[in-house]
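Coordinate analysis (summary)
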Amino acid sequence: MADRSPIEWTHATWNPTTGCDRVSAGCDHCYALDLAARLKAMGSTKYQRDGDPRTSGPGFGLTVHPAALNIPRRWAAPRMIFVNSMSDLFHAQVPLGFVRDVFAVIAETPRHTYQMLTKRARRLRRVADRLDWPANLWMGVSIEDAGALDRVEDLRQVPAAVRFLSCEPLLGPLAGIDLTGIGWVIAGGESGPAARPPDPAWIRDLRDVCTGAGVPFFFKQWGGRTAKSGGRTLDGTTWDEYPRPVAAVS
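Residues numbered from 1 in each chain as written. Predicted model: local features only at pLDDT ≥ 70, side-chain atom pairs only at ≥ 80, totals over all residues. Heavy atoms only, no water.

All right, on to the side chain of K220 then. Along the chain, the position of K220 falls in strand β9 (residues 217-221). Leave out the neighbours within four places in its chain, and K220 touches I7, E8, W9, E168, I186, A187 and R232. (Helix = DSSP H or I, 4+ residues; strand = E, 2+ residues; numbered from the N terminus. Contact = heavy atoms within 4.5 Å.)

So this is what it looks like as C-alpha cells:
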C-alpha cells in the first residue's frame, strides 16, 4: 500500500491482493508485473509467489493478504483510495468470501472513497448480486480498444454508486462507445520503454463523446518512456473532471 500515490486520479493505494495474469492487449506492458519482479528481488514478503510464466511472472502470482484488510481502518483522515493497483480483485483465484471481506472494509470506512478497476468484467457481473455494494465504492473496468467494449455492458449491470471506465493504455479508437450509466471516464497513453503511443484523435473523440453525454472526463497522460514524458494537457487544457458528488478527501 501507499499512503500517497503518484497516480493523478487517486490519493492512496491499497492492495489486499497482489499478483495477476495477462488477459488482453492492455496487459502486454504491465507496470505492476515488472514492479513485482523488482519487489521480489528486494525481499518484499508480499511478492514471493511466482505466477505462471506464460501469463504472469516472478513475484506476481495471485496472493491474498488478509492482514492488509485493516490498513484503511487505520487511516483516520478521509482519502480517495485505489484498490488493488497491483492486482485484480475479480481474478478467478480470489475467493468470493475474500471479495466480500474487502467490500465489508469499504462499508465500514465511509470516510474514504474507494476506486476499483477490473478487466474481468464477466466475473464482476456474475457475482455482483452476491455482494453488498457500499455507497463509497466506485467500480470501473479497463477498456484499451474496441475489442474490450463488452466490458462496458457488463459494468452497466453492476449496482455501484459510480461506474467508470479507465481507457488506459488507449490502444485504439472507441468509436460507438455507449456511456449510458457510466459516471466517469479516465483516458491516457501507455508509459515505459516499449510504450505504444495513442493517436490524439482517439483521445479527442473520447473527450467529445464524454462532453456530449455530460460524463466527467479525466486525461491522465500522453505517456512515453516515462509517465510524464508527454505531459497531460489536451488541446491546451488539463482535464481533471471527477464524478459529482465526491466524498471529501484530504
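Following the structure, the description resumes.
An α-helix turns once per 3.6 residues; consequently, residues spaced three or four apart project the same way. With 14 residues, helix α6 (residues 200-213) should reach 20 Å at 1.5 Å per residue; the first-to-last C-alpha distance of 20 Å fits that figure. What α6 keeps buried is the set I203, L206, R207 and C210. Burial along α6 is one-sided: seen end-on, the buried residues are contained in an arc of 100°. A side-chain oxygen of the first residue of α6 lies 2.8 Å from the backbone nitrogen of A201; this N-cap is D199. (Expected span 1.5 Å × (residues − 1). Buried < 20%, exposed > 50% of the residue type's maximum accessible area, 1.4 Å probe, protein only. Arc of directions from axis to C-beta. Polar contact = N/O pair within 3.5 Å; in protein donor to acceptor, adjacent residues only side chain to side chain.)

This part takes up the confidence of the model for the protein chain. On average, the protein chain scores 95 in pLDDT, and the residues at 70 or more come to 96%. Low confidence marks residues 246-250, where pLDDT is under 50. Its contacts with residues over four positions away, or in another chain, come to 12 contacts. (pLDDT = per-residue confidence, 0-100.)

Before going further, it helps to spend a moment on the sheet that holds strand β8 (residues 184-188). The pairing of strands in a sheet comes from backbone hydrogen bonds and takes either a parallel or an antiparallel form. Read from one edge of the open sheet, 7 strands run β1-β4-β5-β6-β7-β8-β9, paired in parallel fashion. Edge positions in the sheet fall to β1 (12-14) and β9, since each of these pairs with one other strand and no more. On average, each strand axis in the sheet is inclined to that of its neighbour by 25°, with strand direction left out of account. Summarising the sheet, β1 and strand β4 (residues 80-83) pair through 3 bridges and their orientation is parallel. (Pairing = 2+ DSSP bridges. Axes fitted to C-alpha atoms, helices over the stretch in contact; angles between N-to-C directions.)

This brings us to the nonpolar core. Counting 54 residues, the largest nonpolar core has W14, F90, M116, W133, L165, V185 and F217 as the members making the most contacts within it. By size, the runner-up hydrophobic cluster in this structure holds 12 residues, among which are I7, F82, V162 and F164. (Core = buried A, V, L, I, M, F, W, Y, C linked by side-chain atoms within 4.5 Å.)

The next point concerns the side chain of S56. By the element assignment, S56 lies in the loop between α1 (31-41) and β3 (63-64). With relative accessibility at 4%, the residue S56 sits in the buried group. There is a polar contact of 2.9 Å between the side chain of S56 and the backbone oxygen of F60. Filtering out sequence-adjacent residues up to four positions away, S56 remains in contact with C20, D21, R22, L33, G51 and G61.

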